[in-house]
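Inside the fold
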Amino acid sequence: LTTVRDLYRDREKYVGQTVKVGGWLRNIRDSKTFGFLVMNDGSCFSTLQVVYTDQLENFSDISRLNVGASVIVKGTLVETPKAKQPFEIQAEEVVIEGTSMPDYPLQPKRHTFEYLRTIPHLRARTNTFQAVFRVRSLIAYAIHKFFQEQGFVYVHTPLITGSDCEGAGEMFQVTTMDLNNIPKTEDGQVDYKKDFFGKPTNLTVSGQLNGETYAMAFRNIYTFGPTFRAENSNTTRHAAEFWMIEPEMAFADLEDNMNMAEAMIKYIIQYVLENAPEEMAFFNQFVDKGLLDRLNHVATSQFAHVTYTEAVDILMKNNDKFDYKVSWGVDLQTEHERYLTEQVFKRPVFVTDYPKEIKAFYMKLNDDNKTVAAMDLLVPGIGEIIGGSQREDDYDKLAARMDELGLNREDYDFYLDLRRYGSVYHSGYGLGFERCVMYLTGMSNIRDVLPFPRTVNNCEL
Ligand code: 4AD
Ligand code: MG
């Protein structure tokens, strides 16, 4: 079978030739002696129009087809200079592969995203979701390309782990224990020795700690995998299962870290604009007017930089605009992040040097002893898209911080070893993949950029 993508790419070669294409009907219009099928085969965004006539022996069967049916069409490709589409197929044969019921949930009209969320197994057949998931695939490829071209080693970090990298306690436990009959020790505690791994384990919230160990061997590495957070926040930006890209670089400080993040974001934007022009034009027209202008601007201008302390000064002057009032020491909420990036800087902005109390244990303590060498990248429409830092590379400082936070040193022995044997200054960050897809497509709900989203109270399919 030829794909619709091939027909568009090699049009000259196919014009006047007999081709065979398989696909699903998006629309069907018929009259007494002829009809049109509009089909999509998923190989590209464009649809293919097929003209069929009552010369075909199964003419009446074809005319009775419903939207969603699958067919294989054989016919001649002819150019149609006067029509919207550049060419069509004049069918010599239409093989009906699978009929479709009249209650097919995707009729040729606009459906709301809410409705489409109820049919995640079918929504990928719509224009919007074909665009989203093709762009999602391209972004993943662009990210690999970006890092591989610079010699980064892709490390597969484990999904089951005994540690809580972010220290937020938002973990999904992994156990084979019978919840109705939990083994207990003599003093009534859960007896994890009887569990599969012999200790408490959970799905990873981040591959960073494992990633750091490989950065101390390869210098530059990245992870790209699923991460899990049992955050009980029902927002348009949080999923329980999401993908994260975590580069980790030895001999890199916070400045190098930010430069890498900025270069990566620009690279991805450029790649997608070049490789998915139709999909991006579609988003610009139907999902987020102004998307293309914005992305083109971001790809060619410098990101802004502000320290947490400066950002808090700006926000405190505008506290009347916020539900949650800002003062030095509080964690920034999405409303504050969006205000900074959308109203103040009007472009992506790095916020650096957060108070140590609101950041994870592994971040490098600044000379003021109050803040850490952290960076968050905020972007318009979303807020935080990247979180990262320079890591604490001093054994004593790291151990002291872990003690302060009540972390058990033995559990993090491997991590402390990195500071015992050949410690070097190093940095890394985590890009939330879904938030990145939202940013590039203009889609405003994380549930619409995950093929099968898992959020609070929702684990369908
Ligand atoms: O800021 P976070 O928690 O940072 C880390 O996990 C570090 N270990 C990363 C590192 O330095 N290697 O998460 C990183 C990013 C966030 O900026 C956000 O984009 C995304 O992951 N993220 C989520 N995306 C969707 N749903 C959630 N529940 C998310 N939590 C974080
Ligand atoms: Mg963060």
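Details of the structure are given in the entry above.
Below: a short report on this structure. Positions within a chain are numbered from 1, following the residues in the order the chain's sequence is written. Both sets of labels track the order of writing: A upward for chains, 1 upward for ligands. In view of the model being predicted, local features appear only for residues whose pLDDT reaches at least 70, and side-chain atom pairs are presented and counted only at 80 or more, with totals across whole chains, interfaces and linings using the full set of residues. With hydrogens and water stripped out, all remaining heavy atoms of the structure feed into the side-chain values.

In terms of regular secondary structure, the protein chain is built from 14 helices and 16 strands. For the protein chain, the C-alpha atoms occupy an extent of roughly 85 × 60 × 45 Å along the three principal directions. The burial tally for the protein chain puts 51% of its 461 residues in the buried class. Whether two residues are in contact is decided by their heavy atoms, any of which lying within 4.5 Å being enough. Contacts spanning at least 24 positions in sequence make up 66% of the contacts within the protein chain whose residues lie at least 6 apart. With the model as given, the accessible surface of the protein chain reaches about 22300 Å², and the carbon-plus-sulfur share is 49%. The charge count treats Lys and Arg as positive and Asp and Glu as negative. His and the chain ends do not count. Working definition for charges: the position is that of NZ of Lys, CZ of Arg, CG of Asp or CD of Glu. Across the protein chain, the mean location of the 49 positive side-chain charges is 6 Å away from that of the 65 negative side-chain charges. For the purposes of this entry, the term helix denotes a DSSP run of H or I that reaches at least four residues, the term strand denotes a run of E that reaches at least two, and both are numbered from the N terminus. Only protein chains enter the accessibility calculation, which uses a 1.4 Å probe; a residue whose area is less than 20% of its type maximum is buried, one above 50% is exposed, and one in between is partly exposed. Here the open area of atoms and residues is found with the Shrake-Rupley method and a 1.4 Å probe, where only the protein chains shown may cover a residue.

Centres within 6.5 Å make a pair out of two Phe, Tyr or Trp rings, where for Trp the six-membered ring is used; the pair is then stacked when the planes are under 30 degrees apart, edge-to-face when over 60, and tilted otherwise. As enumerated under the stated definition, the model contains 27 aromatic pairs in all. On the basis of an interplanar angle of 45° and a centroid distance of 4.9 Å, the ring pair of Phe282 and Phe286 is categorised as tilted. Taken together, the residues Phe282 and Phe286, both in helix 8 (residues 277-287) and 4 residues apart, mark about one turn of the helix. Relative accessible area serves as the criterion here: at 11%, Phe282 is assigned to the buried category. Under the relative-accessibility criterion, Phe286 is labelled partly exposed at 41%. Ring geometry for Phe361 versus Tyr415: centroids 5.8 Å apart, planes at 65°, classification edge-to-face. Of this pair, Phe361 sits in the loop between strand 13 (349-355) and strand 14 (371-379) while Tyr415 sits in helix 13 (residues 413-420); the two residues are 54 residues apart in sequence, bridging distant segments of the chain.

Definition used for salt bridges: Asp or Glu carboxyl oxygen within 4 Å of a side-chain nitrogen of Lys or Arg. Evaluation of the coordinates by the stated rule reveals 21 salt bridges. Notably, a salt bridge pairs Glu434 with Arg136, separated by 3.0 Å at the nearest N-O pair. Of the two residues, Glu434 sits in helix 14 (residues 433-441) while Arg136 sits in helix 5 (residues 127-149), which places them 298 residues apart along the sequence. A relative accessible area of 1% places Glu434 in the buried class. A salt bridge links Glu262 to Lys266, with the shortest nitrogen-to-oxygen separation between them at 2.8 Å. Placement of both Glu262 and Lys266 in helix 7 (residues 254-275) is noted, with a separation of 4 residues, approximately one turn of the helix. In this structure, Glu262 and Lys266 share a single accessibility class: buried. Members of the salt-bridge network, linked through shared partners, are Glu212, Glu248, Arg391 and Arg419.

Glancing now at the sheet that holds strand 7 (residues 160-161). For two strands to be treated as a pair, DSSP must find no fewer than two bridges joining them. A sheet is described by the order of its strands in space; here 3 strands give the open sequence 7-9-8, paired in antiparallel fashion. The open sheet terminates on both sides in strands that have one partner only, identified here as strand 7 and strand 8 (173-174). Strand direction decides the pairing type here: strand 8 and strand 9 (residues 201-203), joined by 2 bridges, are antiparallel. Residue pairing across strands places Gln173 opposite Asn202, the latter belonging to strand 9.

Functional significance is not addressed by these values, which are geometric in nature.
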